[in-house]
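Geometric and topological summary
Single-letter residue listing:
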Amino acid sequence: MDADVIVVGAGPTGLMLAGELRLGGADVIVLDKLAEPTGQSRGLGFTARAMEIFDQRGLLPRFGQGETLEISPVGHFGGVQFDFTALEGAHFGARGIPQSQTEAVLAAWAAELGADIRHGCEVLALADGFEDGDLAEVTVGTAEGVRRLRARYLVGCDGGKSTVRKLAGIGFPGTEATRAMFLADVTGLDLKPRYLGETLPNGMVMAAPLKEGVHRIIVCPHGAAARSADEQVTFEEVAKAWEHITGEDISSGGAEWVSFFSDATRQAAEYQRGRVLLAGDAAHIHLPAGGQGLSTGVQDAANLGWKLAAVVTGRAGEDLLATYHAERHPVGRRLLMNTRAQGMVFLGGDPAEPLRRILTELTGYDVVRRHLAGVVSHLDIRYDVGDGASEDGGEDAAGAHPLLGRRLGKVALTGPGGESDTFRLLHAGRGVLLDLAGDPALREAAAGWAGRVDVVTATASAADRGAVFAGVGAVLVRPDGHVAWTGAGAGAGDDDTDGLGTALARWFGAPAGD
């Protein structure tokens, strides 16, 4: 066996997954068919939840701006703009971060942790037996010739045209592309910023400065037919479409690169088949509304990495891995729903004008703004962790604490070691049992999971105790930041650790000695 896990694709999803796997103690090889990164950047930032995930691993300072990353409180849904801070902790995410920078940050982090990242390696075949055998074996073309590599699991993070998905025979149902849209990084022009897009009679355009002398533009002309993936697009074609929509002639400029995308919408029928798993664009493609694609891939990786590492290192059984599809497939399905809806509103032209007007009216209501901000920021995701927690962001079931299944936001803490916060506790990629009430029974109950779950005694501010931690004396937080158990804490009665052992065993395997 060459590694515990082989990851195919060295984009943000694959690199994030590699780092997560290494934090969990798994050996990982990352294969990418490109000889080196292109330096091109389709994505320009990430959502609020993806930003939180990077913060949970201590990665934000590596983007060069630390806590001062440029974020925008104002976002949009289908081009209808509103203030995302209607939802506590929400914003439209970090912007102006080229995907190439995100990839470089994640590649350096994964390599430092010991991931083996190999470029110029193209997966050619997948051997039989991956569905019911103990290993996944791939044939790989390299500059030195054909090689065969074996691992316990193979993860396809290789984009919408995923070779891994096709070789595994996993269906990719959805809707075909109906239109073509252009993007380009243009030079030699002084363009008016259109950060959130501008809808005009002949289409929609966006423009944002990337660096000195370079602007990213997106051009979505009405009536532009879908194109074959093999077709090429030129700057002249993009400039003509821009002028058709805006009336502005940009043909005197140039472009560092040009490309096109579509509104094709598809989702893998299953995120796991035997020894093969899928994440990122290999699992779901959609209209890039609100920059949600890269961010969803990062969240896929954060959900999958610690689980897969626990399985391959023997700390947990394969039933833990089954929760990956169970949790992330509904999230992907909802992503496709919201991006299709945004496409209809934003790019529907005159027929969609009544829909835009009614949506604009609806965003005048706080409850609507909160809901839409949660959808686009990805802060509304709730997993079914038991005890009645809902998986779809809906109302709390009877008896379920509001925190259960949701991500725990960033909360300042004070403990014996000094000042900290809930994200800093997750830097090591382990679970955290946060004791807010000084309950010695918690440490005793979690003793069998030492090395997998850190027990931390700390206090939060009175405001946070009354809001975030209302009625809670302790919380069990998974490595991906989602709450798996809540308890009343010391002094609440004999059952203040009731259910903790069950939750620990479900998410972190059997205790030591069993």
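Further up the page is the structure itself.
Worth saying up front: this structure is predicted, and the values here are computed from it rather than measured.

Once that is clear, we can look at the overall build of the protein. Secondary structure summary: the protein contains 12 helices and 27 strands in total. In summary, the protein has a C-alpha radius of gyration of 23 Å against a globular reference of 24 Å for 514 residues, a match within 12%. In terms of overall dimensions, the protein has a C-alpha envelope of 75 × 60 × 40 Å along the principal axes. Taken across its 514 residues, the protein has 54% of its residues classed as buried.

A few words on the packing of aromatic side chains. Tallied over the full model, the rule gives 8 aromatic pairs. A ring pair is formed by Trp-306 and Phe-508, whose centres lie 6.0 Å apart and whose planes are at 35°; its orientation type is tilted. Of this pair, Trp-306 sits in helix H6 (residues 292-312) while Phe-508 sits in helix H12 (residues 500-508), and the two are 202 residues apart along the sequence. Note on Trp-306: relative accessible area 5%, which makes it buried. One aromatic cluster is present, built from ring pairs that chain together Phe-46, Phe-54 and Phe-63. If you follow Arg-165 out to its NZ or CZ, it ends over the ring of Phe-172, 3.6 Å from the centre. When the ring centre of Phe-260 is taken as origin, the NZ or CZ atom of Arg-227, which lies over that ring, is 5.1 Å away.

Throughout the structure, instances matching the rule amount to 29 salt bridges. The shortest N-O distance in the salt bridge between Arg-266 and Glu-176 comes to 2.7 Å. Of this pair, Arg-266 sits in strand S17 (residues 265-267) while Glu-176 is found in the loop between strand S11 (174-175) and strand S12 (180-187), placing the two residues 90 residues apart along the sequence. Glu-176 sits in the exposed class, given a relative accessible area of 58%. For Glu-237, the salt bridge goes to Arg-227, with nearest N and O atoms at 2.5 Å. With Glu-237 in helix H5 (residues 235-246) and Arg-227 in the loop between strand S15 (214-221) and H5, the pair connects residues that are 10 residues apart, well separated along the chain.

A separate point is the packing of helix H2 (residues 48-56) against H6. It is the contact of H2 with H6, at a shortest axis distance of 9 Å, that shows an interaxial angle of 45°. Between H2 and H6, the interaxial angle falls into the category oblique. In the crossing of H2 with H6, the sense of the turn from one axis to the other is left-handed. Every residue of H6 that contacts H2 at Arg-49, Ala-50, Ile-53 and Phe-54 is listed here: Ser-295, Val-298, Gln-299 and Ala-302. Grouping the constituent residues of the contact of H2 with H6 by class yields 5 nonpolar, 2 polar and 1 charged.

Strand order in this open sheet of 3 strands is S22-S21-S25, and the pairing throughout is antiparallel. Each edge of the open sheet carries a strand with a single partner, namely strand S22 (418-421) and strand S25 (459-460).

Before going further, it helps to examine the sheet that holds S11. Across the sheet, which stays open at both edges, the 3 strands sit in the order S11-S17-S20 with antiparallel pairing between neighbours. Both outer strands of the open sheet, S11 and strand S20 (284-285), are each paired with one neighbouring strand and no more. The pairing of S17 with S20 spans 2 bridges and is classified as antiparallel. Pairing of Arg-266 across the sheet is with Ile-285, part of S20. Sheet strands touched by helix H7 (residues 318-347): S11, S17 and S20. Its angle to S17, the strand with the most contacts, is close to 175°.

Our next topic: the pairing of strand S5 (residues 80-83). Note on strand geometry: in a regular strand, side chains alternate between the two faces of the sheet. Burial along S5 is one-sided: the face carrying Val-80 and Phe-82 is buried and the face carrying Gln-81 and Asp-83 is not. Judged from the 4 bridges that link them, strand S4 (residues 74-77) and S5 form a sheet pairing that is antiparallel. For His-76, the partnering residue across the bridge sits in S5 and is Gln-81. Two successive antiparallel strands, S4 and S5, enclose a turn made up of 2 residues, where Gly-78 displays a positive phi of approximately 65°.

Relative to S22, strand S21 (residues 412-415) runs antiparallel, the two sharing 4 bridges. Bridge pairing in S22 places Gly-415 opposite Gly-418. The hairpin turn running from S21 into S22, its antiparallel successor, is 2 residues long. In terms of strand pairing, S21 meets S25 through 2 bridges, oriented antiparallel.

Right, let's talk about the packing of H6 against H7 for a bit. For the pair H6 and H7, interaxial distance at closest approach is 9 Å and the crossing angle is 175°. Our classification of the angle between H6 and H7 gives roughly antiparallel. Contacts between H6 and H7 involve Gln-292, Thr-296, Gln-299, Asp-300, Asn-303, Leu-304, Trp-306, Lys-307, Leu-308, Ala-310 and Val-311 on the former and, on the latter, Glu-318, Leu-320, Leu-321, Thr-323, Tyr-324, Glu-327, Arg-328, Leu-335, Asn-338, Thr-339 and Gln-342. Grouping the constituent residues of the contact of H6 with H7 by class yields 9 nonpolar, 8 polar and 5 charged.

Each value, and the rule that gives it
- Residues numbered from 1 in each chain as written.
- Predicted model: local features only at pLDDT ≥ 70, side-chain atom pairs only at ≥ 80, totals over all residues.
- Heavy atoms only, no water.
- Helix = DSSP H or I, 4+ residues; strand = E, 2+ residues; numbered from the N terminus.
- Rg over C-alpha atoms; globule rule 2.2 N^0.38 Å.
- Buried < 20%, exposed > 50% of the residue type's maximum accessible area, 1.4 Å probe, protein only.
- Phe/Tyr/Trp six-rings, centres within 6.5 Å; stacked < 30°, edge-to-face > 60°.
- Lys NZ or Arg CZ within 6 Å of the ring centre and 35° of its normal.
- Salt bridge = Lys/Arg side-chain N within 4 Å of Asp/Glu carboxyl O.
- Axes fitted to C-alpha atoms, helices over the stretch in contact; angles between N-to-C directions.
- Parallel < 35°, antiparallel > 145°, perpendicular 65-115°, else oblique.
- Left-handed = near helix turned anticlockwise from the far one by under 90°.
- Contact = heavy atoms within 4.5 Å.
- Nonpolar A, V, L, I, M, F, W, Y, C, P; charged D, E, K, R; others polar.
- Pairing = 2+ DSSP bridges.

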